[in-house]
Amino acid sequence: MKAAGPPVVGTFVKLPSLEIAEIIGAAGFDFIVIDTEHALLSVRDVYSLVVLYSRMGVAPLVRIADHGYGDAQRYLDAGAAGILVPHVSSAAQAEATMKQFLFPPVGTRGMGMAARAGLWGSIAGGSAEYVRAGQEDVARIAMIEEQEAVEDIEAILAVSGVDAVFIGPGDLSLSLGVPGGSPAVHDAVTRSIGAAVKAGVPVGTVVQGAEQIRLRAEQGCRFIMVGNDTGMISGAARSILDQAQEALAVAVR
Ligand code: 3PY
Ligand code: MG
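Predicted model only: the values in this text are computed from it and were never measured.

(A) Summary view of the pairing of strand S3 (residues 59–63). Burial analysis of S3 places four of its five residues in the buried class, the great majority of the element. Relative to S3, strand S2 (residues 31–35) runs parallel, the two being bridged by five bridges. Counterpart to Phe-31 in the pairing with S3 is Ala-59. Taken together, S2, helix H2 (residues 43–55) and S3 form a β-α-β motif whose crossover is right-handed. As a crossover connection, the stretch from S3 through helix H3 (residues 70–78) into strand S4 (residues 82–85) is right-handed.

(B) Quick peek at the coordination of the magnesium ion (ligand 2). Surrounding the magnesium ion (ligand 2) are the protein donor atoms Glu-145 (OE) and Asp-171 (OD), which sit 2.0 to 2.1 Å from the metal. With Glu-145 in the loop between strand S5 (139–144) and helix H6 (147–151) and Asp-171 in helix H8 (residues 169–176), this residue pair connects regions lying 26 residues apart in the sequence. Look at Glu-145 and you get buried, because its relative accessible area is 2%.

(C) Inspection of the pattern of salt bridges at higher detail. Overall, the coordinates contain ten salt bridges when judged by the stated rule. Here Arg-63 makes a salt bridge to Glu-37, at a shortest N to O gap of 3.4 Å. Note that Arg-63 is positioned in strand S3 and Glu-37 in the loop between S2 and H2, a separation of 26 residues in sequence. Overall, Arg-63 belongs to the buried group, its relative accessible area being 7%.

The rules we used
Each residue is numbered by its place in its chain's sequence as written, counting from 1. A letter from A marks each chain and a number from 1 marks each ligand, given out in the order of writing. Confidence filtering applies because this is a predicted model: local features only for residues at pLDDT of at least 70, side-chain atom pairs given and counted only at 80 or more, and all residues used for totals across whole chains, interfaces and linings. In computing side-chain values, all of the structure's heavy atoms are included and hydrogens and water are not. Each residue is assigned to one of three classes by its accessible area relative to the maximum for its type, calculated with a 1.4 Å probe on protein chains only: buried under 20%, partly exposed between the two thresholds, exposed over 50%. Labels follow the DSSP assignment, with helices taken as runs of H or I lasting at least four residues and strands as runs of E lasting at least two, numbered in each case from the N terminus. Paired strands, in this sense, are two strands between which DSSP finds at least two bridges. Consider the strands pointing away from the viewer: the crossover is right-handed when the path from the first strand over the helix to the second runs clockwise. We call an atom a donor if it is N, O or S and sits within 2.8 Å of the metal, or 3.2 Å for Na, K and Ca. Water is not counted, so some sites may look partial. Salt bridges are defined by distance alone: a side-chain nitrogen of Lys or Arg within 4 Å of a carboxyl oxygen of Asp or Glu.

What follows is the structure, encoded as structure tokens:
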């Protein structure tokens, strides 16, 4: 996210399948977001996906389901490259939530060096390196998905535990009370991206289609998300069936 060059590209992972994970990893995404907010993934499922994707060189992030400490701590100790916190609607909420994922003295995250993130206790550099990596190498990403969050965006961006922000157009459309793809949603995303760029905080969003990808990259997004594993399968299933049905409709009987 922080490197120069084009934005990094990722996708959401919702299925607890190592086979699908290998297929998506082989496609060459820079990162993936394992989605525990909207998918029925167990902690053990997340753990397996984190291990497999990191071994394939694809940065595994996890979207947590709420603002709590427990499961998120376990994902970080499993070696997740970052966490996305959904529905962060104010600076106070951002500060209280992100503190849990930073070690003292700035935060309250617990020491779990015997876990995978500490290489099962054998990490070179010991506890100092486990703590350094947890503070510096993990991305704590606040999701901006409500009208209040867009209005409070400058204050949210100023919270020191917010390493990046991700703008969620789907929930923004619900919050604004307008259909997805409406100009009001587009403008709220554009305003949020602009504020993040001005504050020097990496920003990302989810996009559909080449035109939107170019636009959001030109506006300054540093990470872009496209689609998810379930959509890829359902899209491919529909497309292959449509092709068969079109061919049959014109087949000589
Ligand atoms: C949203 O758009 O609401 C998201 O959570 C991103 O997919
Ligand atoms: Mg959302």
